[in-house]
Amino acid sequence: MSLPAEFHEIAKRVNNWGRWGAGDELGTLNLITDAVVREAVATVRTGHRIPLALPLRQDGVQSGLIPGRINPLHTMVQINQEIFGPATVATSDDTVTMGLQAATHWDALPHVSHSGKIYNGRPADTITAHAGARFSSIAAVEHLVSRGVLLDVARARGVNRLPGDHAVTPEDLAAAEEFGGLRVRAGDIVLVRTGQMRLALAGDRDAYGYPSPGLSVRTPEWFHARDVAAVANDTLTFEIFPPEIADLWLPVHALHLVEMGLLQGQNWNLEALSTACAEEGRYAFLLTAAPEPFAGATGSPVAPVAVL
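Source: prediction; values computed, not measured.

A. Region of the structure containing the overall build of the protein chain. Along its length, the protein chain carries nine helices and 15 strands. Expected size for 308 residues packed as a compact globule is a radius of gyration near 19 Å; at 20 Å, the protein chain falls within 12% of this value. Taken along its principal axes, the extent of the C-alpha atoms in the protein chain is 70 × 50 × 40 Å. Partitioning the intrachain contacts of the protein chain with sequence separation of at least 6 by distance along the chain shows that 77% fall at a separation of at least 24. Surface accessibility of the protein chain: about 13,700 Å² in total, with carbon and sulfur atoms responsible for 53%. A gap of 5 Å separates the mean positions of the 23 positive and 33 negative side-chain charges of the protein chain.

Spelled out as structure tokens, the structure:
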């Protein structure tokens with residue numbers, strides 16, 4: 001089934017192909033300039049640091065809903081081994097097998113394609129089994145520091161968690177922006193809290209994954225108008241799941257990653273940040289969120305930290 005006309009109309013309005021040149025692989029991360037970073041650093045007042053990553057563990061958030069995306073399998077390959085002979089210093093080493101998008105992560109721009117294309121109009125077949133993504137792999141993101149903004153949609157609506165059938169709309173984002181007493185600006189990394197993470201933290205992986213609130217297909221135009229650099233939220237699928245438009249699966253992924261070149265993150269734990277922002281009465285902070293530089297990868301684990 002081909003993508004509907006409604007999707008293609010939105011795609012035309014948010015498309016960034018060629019905006020930063022034909023050779024660009026970073027997309028909206030180009031909006032994080034030195035000036036943006038200096039302004040981000042100026043948001044730090046107390047130095048309070050809040051980690052936003054889930055632990056990497058075998059009983060993580062993956063339930064099998066997304067095929068092949070396995071939770072981390074941690075194995076010890078050395079335990080107090082005296083590798084240089086008896087009575088020498090002993091070492092312990094580990095190995096891990098996991099889906100790169102198993103827990104808190106960034107989706108790289110070639111994570112999805114549509115109509116045979118990835119970001120900047122490159123052919124989708126530039127992603128191969130042996131080399132991975134030739135263009136815009138997560139390794140292209142060598143650093144990621146900017147002003148972070150929490151749009152706490154759940155708290156702005158007076159609830160702990162949005163219902164599973166709630167599509168977060170541009171109106172929700174604007175209301176959360178007003179609730180936080182700020183305005184999203186060019187180069188910001190926007191974190192959208194739905195409260196869905198509360199289910200994962202309570203150990204209910206199935207309910208966490210499905211049904212899930214998430215971003216509406218109407219929101220990419222809002223992020224495009226604000227020149228947002230990257231977006232992450234506290235759900236497994238990022239966008240509302242099942243989709244708001246019947247049989248239109250992952251349209252927000254396609255609009256963000258393919259059309260806009262907008263980095264997208266999932267499974268971010270925003271609960272402690274929500275509490276801290278409410279207590280301090282401010283919703284902007286310095287955010288560090290550099291991915292692991294896996295060559296050719298279409299995503300990567302990340303351990304983001306918000307500094308208030």
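After that view, the rundown keeps rolling.
B. Highlighting the pairing of strand β12 (residues 263-266). Residues Leu263 and Gly265 line one face of β12 and the alternating positions Gln264 and Gln266 line the opposite face, and both faces are buried. In this sheet, β12 lies alongside strand β4 (residues 105-107) in antiparallel orientation, the contact comprising three bridges. Bridging from a neighbouring strand, aspartate 107 pairs with glutamine 264 of β12. Here three bridges tie strand β11 (residues 230-233) to β12, and the two strands are oriented parallel to one another. Opposite alanine 230, over in β12, you have leucine 263 as the bridge partner. Tracing the backbone out of β11, into helix α8 (residues 251-260) and back to the parallel element β12 gives a crossover that is right-handed.

C. Main features of empty space enclosed by the protein. Scanning the model with the defined rule gives one cavity of 30 Å³ or more in all. Of the volumes computed, that of the largest cavity is approximately 50 Å³. As for the largest cavity, its lining consists of Glu25, Leu26, Leu29, Ala108, Leu109, Ser136, Ser137, Ile138, Val141, Gly261 and Leu263. Here the residues of the lining of the largest cavity sort into seven nonpolar, three polar and one charged.

D. How the structure looks around the nonpolar core. Residues Trp106, Leu191, Phe223, Trp268 and Leu273 are the most contacted members of the largest nonpolar core, which totals 64 residues. For this core, the leading source of residues is α8, giving six residues. The contact partners of leucine 191, leaving out residues within four places of it in the chain, are Leu52, Val149, Leu150, Leu151, Ala232, Trp268, Leu270, Leu273, Phe285 and Leu287. Among the nonpolar cores identified, the runner-up in size contains seven residues, and Leu54, Val61, Tyr208 and Leu236 belong to it.

E. Region of interest: the packing of helix α1 (residues 5-14) against α8. Taken N-terminus to C-terminus, the directions of α1 and α8 make an angle of 35°; their axes are 10 Å apart at the nearest point. In the crossing of α1 with α8, the sense of the turn from one axis to the other is right-handed. Each of Phe7, Ile10, Ala11 and Val14 in α1 lies in contact with α8, whose residues at this interface are Pro251, Ala254, Leu255, Glu259 and Met260. The residue makeup of the contact of α1 with α8, split by class, is eight nonpolar, no polar and one charged.

F. Inspection of the packing of aromatic side chains at higher detail. Scanning the model with the defined rule gives five aromatic pairs in all. Measuring from centroid to centroid gives 5.9 Å for tyrosine 210 and phenylalanine 241, while their planes differ by 75°, and the two rings are edge-to-face. Here tyrosine 210 is found in the loop between α6 (205-209) and β10 (214-215), whereas its partner phenylalanine 241 is found in the loop between β11 and α8, with 31 residues between them in sequence. According to the relative accessible area criterion, tyrosine 210 is partly exposed, its value standing at 46%. Their ring planes at 90° and their centres at 5.6 Å tell us that tryptophan 222 and phenylalanine 223 sit as a pair that is edge-to-face. Residue classification places tryptophan 222 among the buried residues on the basis of a relative accessible area of 11%. Each member of the aromatic cluster is reached from another via a ring pair, and the members are Tyr210, Phe241 and Trp249.

G. Seen up close, the layout of surface pockets. Reported here for the largest pocket is a volume of approximately 250 Å³. Lining the largest pocket are 15 residues, with Arg57, Asp59, Gly60, Val61 and Ala200 sitting closest to its centre. Looking at the lining of the largest pocket residue by residue, the class counts come to nine nonpolar, three polar and three charged.

Reading the values: rules and limits
Residues numbered from 1 in each chain as written. Predicted model: local features only at pLDDT ≥ 70, side-chain atom pairs only at ≥ 80, totals over all residues. Heavy atoms only, no water. Helix = DSSP H or I, 4+ residues; strand = E, 2+ residues; numbered from the N terminus. Rg over C-alpha atoms; globule rule 2.2 N^0.38 Å. Contact = heavy atoms within 4.5 Å. Areas by Shrake-Rupley, 256 points an atom, 1.4 Å probe, with all protein chains shown as cover. Lys, Arg positive; Asp, Glu negative; His and termini not counted. Charge placed at Lys NZ, Arg CZ, Asp CG, Glu CD. Buried < 20%, exposed > 50% of the residue type's maximum accessible area, 1.4 Å probe, protein only. Pairing = 2+ DSSP bridges. Right-handed = clockwise from strand over helix to strand, strands pointing away. 1 Å grid on protein atoms, 1.4 Å probe; cavity = no way out; pocket = protein on both sides within 12 Å on 5 of 7 lines; lining within 4 Å. Points joined across faces, edges and corners; volume = space filled by probe spheres on them. Nonpolar A, V, L, I, M, F, W, Y, C, P; charged D, E, K, R; others polar. Core = buried A, V, L, I, M, F, W, Y, C linked by side-chain atoms within 4.5 Å. Axes fitted to C-alpha atoms, helices over the stretch in contact; angles between N-to-C directions. Left-handed = near helix turned anticlockwise from the far one by under 90°. Phe/Tyr/Trp six-rings, centres within 6.5 Å; stacked < 30°, edge-to-face > 60°.

Note that every value here comes from positions in space, so none of it alone points to a role or purpose.
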